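Observations on the three-dimensional arrangement
So the chains spell out like this:
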Amino acid sequence: MSNRTSLLVILFFSLIGRIPLYGQKILLANTNVKDALIAADGRLWAACAASGVAVREGKTWHTYSPLNSKLANSHPLRLLEFDDAVWTTLYGSGLWELKASQWQGPLPNDLETPIHTADCINWRGNLWLTLGERLGTLDSGRSFESVHPPLPPGRGAMATCMTTTDLTLLVGTNVHQILQFDGRSWAIHDFKGRLRGKHIRSIATMGTDIWFGTFGGLYVYRAPELRSIEPKGLSPFLVTSIIATKGQLWVGTWGKGVFRHIEGKWIRGVKGNSTRGLFVNCLRYRKDLVYACTTRGIHVLAG
């Protein structure tokens with residue numbers, strides 16, 4: 001078979017989903033990538049722990065490094081596109097906006113001590129972010145407000161992760177609770193004594209089910225029932241990220257790679273890339289591709 005014929009065969013089978021061409025594609029190899037963003041214009045952004053925020057321009061990367069001493073000891077954690085701009089949360093330094101190739105911030109501007117700005121998300125036209133024991137919300141006019149969820153007092157309780165349903169905001173915490181906000185009032189789902197590890201690291205929804213992971217377990221909650229999920233080869237494990245795509249649930253772990261749940265079965269990685277042994281920081285999804293951000297670059301997986 002000629003090289004041209006072989007290429008045509010591979011392209012044909014990739015189109016019908018039998019051979020994922022992206023199974024072995026790795027971007028920013030050997031880089032600790034905390035998060036990725038596929039912007040509306042199609043460009044890929046990456047939050048790199050050691051160097052700052054990078055954007056892929058064609059086949060090359062351009063990095064927007066920390067521009068002052070206040071940012072020098074902070075690393076980007078999360079990326080988000082909001083109001084036609086790219087934003088990042090920096091560990092210990094709040095929320096920053098990339099504007100005219102310069103970082104503007106931080107928001108909020110009342111941070112007297114470093115704080116773990118762990119997550120950010122779009123909800124109801126505003127940008128929301130976690131700020132330790134409180135949340136922050138930013139509108140398109142750059143007006144910032146603090147929101148105080150009903151966390152237990154005096155226990156170092158913090159908001160750690162977020163996701164949304166059609167009507168509500170779901171907030172994971174480090175004290176075995178999920179908080180649910182409908183814009184007016186809060187509901188508390190308390191799992192004290194029922195979890196391996198009280199720190200909820202990631203949360204996602206699929207239908208009416210709430211999936212979440214801790215530093216020790218994977219769970220699915222359909223009120224009032226809570227079930228512990230133990231896929232073969234996955235436990236014991238530390239769940240770092242969960243996303244739901246078209247009929248599939250993807251789970252990123254610390255040291256055991258990426259698992260996905262499809263048609264009632266758990267599968268490690270995809271054909272051509274088992275992801276075994278990877279330390280996953282987070283998972284992102286866009287246009288049938290899953291971007292696994294790891295300590296060794298971005299692994300692009302066919303979804």
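Structure: above.
Cut-offs and rules
Residues numbered from 1 in each chain as written. Predicted model: local features only at pLDDT ≥ 70, side-chain atom pairs only at ≥ 80, totals over all residues. Heavy atoms only, no water. Helix = DSSP H or I, 4+ residues; strand = E, 2+ residues; numbered from the N terminus. Contact = heavy atoms within 4.5 Å. Polar contact = N/O pair within 3.5 Å; in protein donor to acceptor, adjacent residues only side chain to side chain. Pairing = 2+ DSSP bridges. Axes fitted to C-alpha atoms, helices over the stretch in contact; angles between N-to-C directions. Patch = residues over 30% accessible without salt bridge, like charges linked within 9 Å, V, L, I, M, F, W, Y side chains within 5 Å. Areas by Shrake-Rupley, 256 points an atom, 1.4 Å probe, with all protein chains shown as cover. Salt bridge = Lys/Arg side-chain N within 4 Å of Asp/Glu carboxyl O. Buried < 20%, exposed > 50% of the residue type's maximum accessible area, 1.4 Å probe, protein only. Phe/Tyr/Trp six-rings, centres within 6.5 Å; stacked < 30°, edge-to-face > 60°. Core = buried A, V, L, I, M, F, W, Y, C linked by side-chain atoms within 4.5 Å.

Further remarks concern the environment of Gln180. Secondary-structure assignment places Gln180 in strand 16 (residues 177-181). The spatial distance from the C-alpha of Gln180 to the C-alpha of Pro149 is 9.3 Å, given a sequence separation of 31 residues. Beyond its immediate chain neighbours, meaning those up to four positions away, Gln180 contacts Thr168, Leu169, Leu170, Ser185, Trp186, Ala187 and His189. Among the polar contacts listed, one links the side chain of Gln180 to the side chain of Thr168, at a separation of 3.1 Å.

Next up on the list: the side chain of Thr137. Residue placement: Thr137 occurs in strand 12 (residues 134-138). Here Asn126 takes part through its side chain, which lies 3.5 Å from a polar atom of the side chain of Thr137.

What follows covers the sheet that holds strand 2 (residues 33-38). In space, the 4 strands of this open sheet follow the order 2-3-4-5, with antiparallel pairing throughout. The open sheet has two edge strands with one neighbour each: strand 2 and strand 5 (60-64). Neighbouring strand axes in the sheet, compared pairwise and without regard to direction, differ in orientation by 25° on average.

All right, on to unusual backbone geometry then. Comment: phi is negative for the bulk of residues other than glycine, and the bulk of peptide bonds are trans. Omega for the bond connecting Gly105 with Pro106 falls within 30 degrees of zero, at 0°, which places this linkage in the cis form. Turning to its location among the elements, Pro106 is positioned in strand 9 (residues 102-107). In this chain, Ala223 is followed by Pro224 through a cis amide linkage whose omega measures 5°. Position of Pro224 relative to the elements: it lies in the loop between strand 20 (217-222) and strand 21 (225-229). For Lys287, which is not glycine, the phi dihedral falls at a positive 50°.

This paragraph deals with a nonpolar patch on the surface. On the surface, Phe215, Leu238, Trp254 and Phe279 cluster together into a nonpolar patch covering about 350 Å² of accessible area. With respect to the helices, strands and loops of the structure, Leu238 is situated in the loop between strand 21 and strand 22 (239-244). Classification of Leu238 by relative accessible area gives partly exposed; the value is 33%.

Applying the stated criterion across every chain yields a total of 11 aromatic pairs. The interplanar angle of 55° and the centroid separation of 6.1 Å between the aromatic rings of Trp123 and Phe181 together place this pair among those described as tilted. Linking Trp123 in strand 10 (residues 120-123) with Phe181 in strand 16, this pair joins segments that are 58 residues apart in sequence. Phe181 shares its class with Trp123; the two are buried.

Core analysis: the largest hydrophobic core is formed by 15 residues, its most contacted members being Leu28, Val33, Leu44, Ala46, Tyr291, Ile298 and Val300. Elements supplying a minimum of two residues to this core: strand 2, strand 3 (44-48), strand 27 (289-294) and strand 28 (297-302). If near-sequence neighbours (up to four positions away) are discounted, Leu28 is found in contact with Val33, Ala46, Cys48, Trp61, Arg296, Gly297 and Ile298. If you look at the next biggest cluster of nonpolar residues, it comprises 14 residues, including Ile121, Trp128, Leu151 and Phe181.

Reading across from one edge, 1-28-27-26 is the order of the 4 strands in this open sheet, with antiparallel pairing throughout. This sheet does not close on itself; its edge strands, each paired only once, are strand 1 (25-27) and strand 26 (280-286). Each adjacent strand pair in this sheet contributes to an overall mean axis angle of 25°, direction not counted.

This next bit is on the pattern of salt bridges. One pass over the full model with this rule turns up 10 salt bridges. A salt bridge links Asp288 to Lys246; the shortest N-O distance between them is 3.3 Å. Placement of Asp288 in the loop between strand 26 and strand 27 and of Lys246 in the loop between strand 22 and strand 23 (249-253) is noted, with a sequence separation of 42 residues between them. Judged by its relative accessible area of 40%, Asp288 falls in the partly exposed class. One salt-bridge network, in which partners are shared between bridges, spans Asp41, Arg43 and Glu57.

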